[in-house]
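Commentary on secondary and tertiary structure
Single-letter residue listing:
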2 protein chains.
Amino acid sequence: MGGDFAPRVTVEGAHAALTHLSAETTLVLFGDRAALAAEDTYGLLDDPRIDVVHTSEVIAMGDHPVKAFAQKSDSSIAVGFRHLCEGDIAGFASAGSTGAMMVGSMQAVGQIEGVIRPAIATAFRTAMGTDVLLLDVGLNADCKPEVLTQYGTIGSIYARETLGIPNPRVALLNIGEEPEKGNLLTKATYPMMAERGAAGDYNFVGNVEGKHLLTGEVADVVVCDGFSGNTLLKTIEGFYRILHRKGQSSPIIEGLNYENVGGTPVLGINSTVIIGHGCSSALAIANMIRLTERAARTDMVSQFKRAFNG
Amino acid sequence: MGGDFAPRVTVEGAHAALTHLSAETTLVLFGDRAALAAEDTYGLLDDPRIDVVHTSEVIAMGDHPVKAFAQKSDSSIAVGFRHLCEGDIAGFASAGSTGAMMVGSMQAVGQIEGVIRPAIATAFRTAMGTDVLLLDVGLNADCKPEVLTQYGTIGSIYARETLGIPNPRVALLNIGEEPEKGNLLTKATYPMMAERGAAGDYNFVGNVEGKHLLTGEVADVVVCDGFSGNTLLKTIEGFYRILHRKGQSSPIIEGLNYENVGGTPVLGINSTVIIGHGCSSALAIANMIRLTERAARTDMVSQFKRAFNG
C-alpha cells in the first residue's frame, strides 16, 4: 500500500485491476487494514480474490532505505518481501520507497547466481504499437561490458516471457550503428554481445541509436548503462508530462505515459518484483498489479537461472 | 553547398535566409557555380549581398574525413575553411560531411589554448518557449570531469552571446538532483562545477535530471558527456520524426524540430563553425545560415579565449 497517494489510489487501482486478473489469482494487499477499509468504497475487501495482510508501519520518503527496511519490520514493504520469500505470494509490487524495494530485492530476495548485477527495466510503446524494453534504467550507473552483455540475456528472457515477444531483437544503445562506434564501454561491449548472439544466447542485432528506440523497427530490447537509460527514461517521461499538461494527446504520445507501463521490474533476482512510480495514479497501480501477475505467471526466474548457472 | 539535397535546398535555404540577414552581411556560397546557377530560380546569384566562390570537388558520404579534407582541396568544405582561417569570412557552416567539418574545425581552425576538448552543442526549445543548450552531443564520447567542468564555461558563454540568455543557469545532467548522486563521472564533476560556480565563472545551479531538460524551469545550459548527449539528442529527434510522420504538430512538438535549430556549433575553437544536418531541408539551411550570422557577430570566440587563457 505504498505510494504518494496511498491508500486511496492503491485501493482504487486494486479495484480496477481485479476485473482483469485471472480467476485463479489472489491479490494480497499489505497495509493498514482500517485505512484500507476507510477508502474501500468498492466492497473490495469483501471480494473472495482479495486478501489483506495488516501492517502497522510505514517507510517514509526521507527514511534511509537499508535502515528502514531492517527496522520497520512491520511495514508493507518488509512484510511483503517476507511473504514473497516464503512463497506465500508469487510476485510483489509497490509504489512505495524505491530504495526500500531495492533493498528487499537485493537482500531479501537476492540475485541469481551468476548474474553480475541485476537490472531495472522499462517498456515503451513504439510507433508500431509494439513494446521496446530498455535496461538498465538506473540501478547501475557505471556498467562493465560483461554486465551489459548479460543484460542482453536478461532483457531477452523478460521480453519473451512477460512482454510476449518471440525471439526478441536485442540491440546495444550506441552513438553510431557501425560496430566500431561508441564510447569505451560500448566499443568493448559490442564484440561480447556479438559473441553471445553468435552462440545463440540471444538475437543480437547490433548497435542502435537513440533515434531507433521508439520506432519499433529495429529492436525489441535495448541495452545500456544505467546512467544513459535513466536519463533517457526521465527525458521521455518529462516530455510526456509537458505534452500532457498542454492537453496534447494521441496514441503515440500516450505510449510514453508511465501509467500504462505498470512499473519497473527488477530483473536477475530470485523472484518477481515490480517497482511502481512514487506518484502512481490509480491507473498506474492497476497496470502495476496486472504486470506483476503477468510476470509472476511466466517461467522468467527459472529461465534466468538456467541461463546463468544451468 | 553540402548536404544530401544540395545544391537545390542549399540555394533555396540561402534565398530564404537572405531576407533575415543584416544589410551589412555578405553571404558567401562555396560550390559549383554552374550547379548553383542551374538551381537559382530566385535571382539569388545576382543579389549584391551574395558572393559565390567556385569549388570543383565534393567530399562524399563514404570518403574518409581526414583524407578527403586534405586531398579534395577544392571541395566546398576545404575552401570554406581556408577562407575562414584567412579572415575572409567571419563564420562557416555546411550540411556536408560532418566528419570533414570536424577535421576542418580541429585542424584548420584549431582549438583555443587552454580548452581540453571542444564540444558540439544543440539547442532545444523548452516548454516555456526559451532555449536550452545541451553539450556535448557527440564529439567526446568519454569525458573527464575537467572536460565537463569546462563545458560549463563554454556553454554559458555561447548561451549568453549567441542565444541571448543573460546569466545562463548551468546544470550538470545527472540521475538524481542531490550532489552525491550519479555515476563516477558526474560524482567527480559536481564539486568541480560547484567550485567554478562559487568562483563566479558561471551560474551553476546543480544537477538536473532528464525530466528537467525540456521544461525550461531549471537550467539554460545542460552539461553532459558526448555519449549521453548524443543519445538524448537522437532520441528526441527520433520521437519528433515519429510524431511528424503521424501528422502530429504543435508549438511544443515543433520545438524539437531540428530544422528550427539551425545546426550544431563547434565550441572551443578559434572561429565560428556550424555543422548542419546531412538531411537538411531548405528551412534547416536557412536557419543554419541565420545562426551562423548570429554567432559570428558575437564576441564569443574572444570570450572563450579570455576564459581559458586570459
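Definitions and cut-offs
Residues numbered from 1 in each chain as written. Chains lettered and ligands numbered in written order. Predicted model: local features only at pLDDT ≥ 70, side-chain atom pairs only at ≥ 80, totals over all residues. Core = buried A, V, L, I, M, F, W, Y, C linked by C-beta atoms within 7 Å. Buried ≥ 20, exposed ≤ 12 C-beta atoms within 10 Å, placed from the backbone. Contact = placed C-beta atoms within 7 Å. Least-squares fit on C-alpha atoms with pLDDT ≥ 70 in both. Domains from an automatic or database assignment. Helix = DSSP H or I, 4+ residues; strand = E, 2+ residues; numbered from the N terminus. Nonpolar A, V, L, I, M, F, W, Y, C, P; charged D, E, K, R; others polar. Pairing = 2+ DSSP bridges. Axes fitted to C-alpha atoms, helices over the stretch in contact; angles between N-to-C directions. Arc of directions from axis to C-beta. Parallel < 35°, antiparallel > 145°, perpendicular 65-115°, else oblique. Left-handed = near helix turned anticlockwise from the far one by under 90°.

By size, the foremost hydrophobic cluster in this structure holds 191 residues, and its most contacted members are L134(A), L135(A), V222(A), V223(A), L134(B), L135(B) and V222(B). The contacts of V222(B), once residues within four sequence positions are left out, are V132(B), L134(B), A171(B), L173(B), V208(B) and L213(B).

We now examine the relation of the copies chain B and chain A. Relative to chain A, chain B is turned by 180° and slid 0.0 Å along the rotation axis, the superposed coordinates differing by an RMSD of 0.0 Å. Here the transformation between the copies is reduced to the relation of a two-fold axis. Here 100% of the interface residues in chain B have copies in chain A that are interface residues too; the copies meet face to matching face.

Below, the discussion takes up the domain arrangement of chain A. All names here are of chain A. Domain boundaries assigned for chain A yield domain 1 (1-111 + 268-310) and domain 2 (116-266). A separation of 25 Å is found between the C-alpha centroids of domain 1 and domain 2. Those elements giving two or more residues to the side of domain 1 that touches domain 2 turn out to be β10 (272-275), α11 (282-296) and α12 (300-309). Looking at the side of domain 1 that touches domain 2 element by element, the count peaks at 8 residues for α11. Considered class by class, the residues forming the side of domain 1 that touches domain 2 number 13 nonpolar, 9 polar and 3 charged.

Before going further, it helps to spend a moment on the sheet that holds strand β5 (residues 131-135) of chain A. Residues and elements named next belong to chain A. A sheet is described by the order of its strands in space; here 8 strands give the open sequence β3-β10-β9-β4-β5-β8-β6-β7, paired in mixed fashion. Every interior strand has two partners, whereas the edge strands, β3 (91-94) and β7 (203-208), have only one. Sheet twist, expressed as the average angle between the axes of neighbouring strands with direction ignored, equals 25°. In this structure, strand β6 (residues 169-173) lies alongside strand β8 (residues 221-223), joined through 3 bridges in parallel fashion. From the neighbouring strand, A171 faces β8, where its bridge partner is V222. Taken strand by strand, helix α7 (residues 184-198) contacts β6 and β7, and its axis lies near 160° from that of β7.

This part covers the pairing of β7(A). Here 5 bridges tie β6(A) to β7(A), and the two strands are oriented parallel to one another. If you follow R169(A) over to β7(A), its bridge partner there is N203(A).

Next up on the list: unusual backbone geometry. Residues and elements named next belong to chain A. In the segment running from L135 into D136, the intervening peptide bond is cis, with an omega of 0°. Note on placement: D136 falls in the loop between β5 and α6 (145-161). Here the phi dihedral of N167 falls at roughly 45°; this positive angle occurs in a residue that is not glycine. Relative to the elements of secondary structure, N167 occurs in the loop between α6 and β6. Given 11 C-beta atoms within a 10 Å radius, N167 is considered exposed.

Another point: the environment of F81(A). Residues and elements named next belong to chain A. Structurally, F81 can be placed in helix α4 (residues 76-85). Residues F81 and A93, 12 residues apart in the sequence, show an inter-C-alpha distance of 9.5 Å. If near-sequence neighbours (up to four positions away) are discounted, F81 is found in contact with F92, G104, A108 and V109.

Where interface size is quoted, it is often the accessible area lost as the parts come together. Chain B puts 32 residues into the contact, and the matching count from chain A is 32 residues. Looking at the side of chain B that touches chain A, the element that brings in the most residues is helix α8 (residues 226-245) of chain B, giving 12 residues. Per-class residue counts for the side of chain B that touches chain A are 13 nonpolar, 13 polar and 6 charged.

Helical geometry note: an α-helix holds 3.6 residues per turn, so side chains three or four residues apart project in the same direction. Listed as buried for helix α12 (residues 300-309) of chain B are M300(B), V301(B) and F304(B). Buried residues of α12(B), seen end-on, are gathered within an arc of 95° and therefore sit on one face of the element.

Right, let's get into the packing of helix α1 (residues 8-18) of chain B against helix α11 (residues 282-296) of chain B. Two numbers describe a pair of packed helices, the interaxial angle and the distance between the axes. Residue and element names in this part refer to chain B. Their axes nearest at 7 Å, the elements α1 and α11 cross at an angle of 50°. When the interaxial angle is binned, α1 and α11 end up oblique. Here the hand of the crossing between α1 and α11 comes out right-handed. In this structure, α1 uses V9, T10, E12, G13, A14, A16 and A17 to contact α11, whose residues at the interface are A282, I285, A286, I289 and R290. Across the contact of α1 with α11, the residue classes break down as 8 nonpolar, 2 polar and 2 charged.

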